[in-house]
Amino acid sequence: MEKIIIDGGVALDGKVEISGMKNAAVAVLFATIAVNDVCVIENLPQISDVKLSLEILRSVGARTHITGKNAVEIDTRSVKNTVVPFELARKMRASYYLVGASLARFGSAKVGLPGGCDFGSRPIDQHVKAFEALGANVTVGGGCLDACTFGGVRPANIFFDCVTVGATINTIIASVLADGMTVIENAAKEPHIVDLANFLNYCGANITGAGTDVIKIKGVERLHGCNYAIIPDMIEAGTFMAAAAATGGRLYISNVIPKHLEAISAKIGEMGAEIEEYDDAVMITRRGKLLRSNVKTLPYPGFPTDMNPQIAVLMALADGVSQISETIWDGRFRYVEELRRMGARIKVDGKLAVIEGGYPLTHANVRAVDLRAGAAMIIAGLACDGRTEIDEVHYIERGYDNIVSKLRSVGARIKKINIPDDDDRALTV
Ligand code: EPZ
């Protein structure tokens, strides 16, 4: 079993470089199935979700070859179908992008239902709605989603009932080779959707409007391979910004797109940090007290739900009462129980958390209950004196590239240890 050990109380100081965005990388990797050629994808983060995506691609016949530190060549010409083993598909959320890619290429798909962080209900009704509009007969059962068209995907006009990143991505991929124009309305506008559209357009697709709530996909005959670099991860950048603010430190965070960070920078700035923006970097400094604030999570360009746990730590450290209103995930506040173990005073009522800040956090043994919750536990451990131990670190490694070594490089006393499962220390309470 692996643990992260933090001896906190040190102000971070130095430079960190942000890796490629997890949620863009997994979309682009699965979209290569629709490309049916050789692509080189660069700036891939070294995280387990990318490793698993490549394993799933190989399981359906793709050939992958590492061509550089963060670059992989993917040849999907030998892929014959995408019947993905259930036990593989359920290990991550983005495996369901294979449905869109397989519908585009083969006109059918059979993929195990996805997994991903457990926020309570994670429905896929809007994906099904889109696939049926595109001419597929969809059945969900036996742990699988089975979609089949007769004669291939047909173009459609789709108005999503809610803003959904995944269904927007799946629909773009599924319709990229359809015979005609598909229009998505009430589309998600996240940067990773723009990144996916740019990748597919580099491959010869004809997608316009990505980043707005109306996206048009004019189907093309075929796609061709390309070289493409994934955009930087705005949530990783936001996480380091929160860590700098929580420890009263100063970080120069490079390889970012400041525009993607606007909501995060605005909120952390409101809470007392100074943020300077450069072309592809931000400098964040926190000298004075942290100030209370309120936040409501919203689809991009609003404050991202994936920064909810991290901002909660800042609110716990700030004098006064702050609030977080979560509008995306029912189960987002699962991290609160772990933060309470560190002395945080948080009351949760449905999708509203009220945080009575200004009480010092105390080190404790905690666990990462999901990816972003794990990042918040790290920030809390860095911000308080004493030794914090974090279990279930595999969640953190799904989405953060070498976070321990990056934090060590800016002064954090943090390490990852491996405790044999039969070691009685693992039972320490
Ligand atoms: C993506 O999840 C991200 N994951 C999540 O990041 C992120 O929290 C989420 O978008 C919101 O930004 C990946 O990109 C792999 P949604 P996704 O479809 O696509 C409802 C992380 O930490 N909905 O935008 O699954 C849904 O219940 C992860 O990196 C339906 O009702 O999210 C939710 O309330 C965690 N029906 C809202 O829409 C559907 O068919 C947004 O979901 C689909 C979604």
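Calculation notes
- Residues numbered from 1 in each chain as written.
- Predicted model: local features only at pLDDT ≥ 70, side-chain atom pairs only at ≥ 80, totals over all residues.
- Heavy atoms only, no water.
- Disulfide = S-S within 2.5 Å.
- Pairing = 2+ DSSP bridges.
- Helix = DSSP H or I, 4+ residues; strand = E, 2+ residues; numbered from the N terminus.
- Right-handed = clockwise from strand over helix to strand, strands pointing away.
- Core = buried A, V, L, I, M, F, W, Y, C linked by side-chain atoms within 4.5 Å.
- Buried < 20%, exposed > 50% of the residue type's maximum accessible area, 1.4 Å probe, protein only.
- Contact = heavy atoms within 4.5 Å.
- Salt bridge = Lys/Arg side-chain N within 4 Å of Asp/Glu carboxyl O.
- Polar contact = N/O pair within 3.5 Å; in protein donor to acceptor, adjacent residues only side chain to side chain.
- Near = heavy atom within 4 Å.
- Areas by Shrake-Rupley, 256 points an atom, 1.4 Å probe, with all protein chains shown as cover.
- Axes fitted to C-alpha atoms, helices over the stretch in contact; angles between N-to-C directions.

Draft legend 1. Quick look at the state of the cysteines. Using the criterion set out here, one finds zero disulfides in the structure. We note that C39 lacks a disulfide partner, and the nearest cysteine sulfur, in C203, lies 4.4 Å from it. C226 takes part in no disulfide bond, and the closest cysteine sulfur to it belongs to C203, at a distance of 3.6 Å.

Draft legend 2. Layout of the pairing of strand β19 (residues 320–325). Sheet topology places strand β18 (residues 294–296) next to β19; three bridges connect them, and they run parallel. Within β19, the position partnered with V295 by the bridge is I324. Taken together, β18, helix α10 (residues 308–317) and β19 form a β-α-β motif whose crossover is right-handed.

Draft legend 3. Quick look at the nonpolar core. Judged by nonpolar contacts, the single largest core of 154 residues is most densely connected at F199, L200 and I253. The element contributing the most residues to this core is helix α1 (residues 22–35), with 11 residues. What L200 contacts, discounting residues up to four positions off in sequence, is A31, V35, I172, I173, V176, A205, I207 and L223.

Draft legend 4. Structural detail: the pattern of salt bridges. The full count for this structure, using the stated rule, is 19 salt bridges. With its nearest N and O atoms 2.9 Å apart, the salt bridge here joins K3 to D391. In this pair, K3 is assigned in strand β1 (residues 2–8) and D391 in strand β23 (residues 386–391), connecting sequence segments 388 residues apart. Looking at K3, the relative accessible area reads 2%, which means it is buried. The residue E337 makes a salt bridge to R340 at a minimum N-O spacing of 2.8 Å.

Draft legend 5. Inspection of the side chain of S322 at higher detail. On the secondary structure map, S322 appears in strand β19. A polar contact of 3.0 Å, which involves the side chain of S322, links it to the backbone nitrogen of S293. When neighbours within four sequence positions are excluded, S322 is seen to be in contact with R292, S293, N294, M315, A353, V354 and I355.

Draft legend 6. Region of the structure containing the site of the ligand. The environment of the ligand is formed by 23 residues, the closest being Q126, T164, V165, D306 and I328. A distance of 3.3 Å separates an oxygen atom of the ligand from a polar side-chain atom of Y96. Contacts to the ligand include R372, whose side-chain N or O atom sits 2.9 Å from an oxygen atom. The protein chains hide 90% of the 830 Å² of surface that the ligand would expose on its own. Taken together, the elements giving at least two residues each to the shell around the ligand come down to α1, α5 (125–133), α6 (165–175) and α12 (371–383).

Draft legend 7. Local environment of the sheet that holds strand β17 (residues 281–285). Across the sheet, which stays open at both edges, the four strands sit in the order β2-β15-β17-β16 with mixed pairing between neighbours. Looking at which strands have only one partner, the edges of the open sheet turn out to be β2 (13–17) and β16 (274–277). The mean inter-strand angle of the sheet, taken between neighbouring strand axes irrespective of direction, is 15 degrees. Strand direction decides the pairing type here: strand β15 (residues 250–254) and β17, joined by five bridges, are antiparallel. Residue pairing for β17: Y252 is matched across the bridge by M283. Sheet strands touched by helix α8 (residues 234–247): β2, β15, β16 and β17. Its angle to β15, the strand with the most contacts, is close to 170 degrees.

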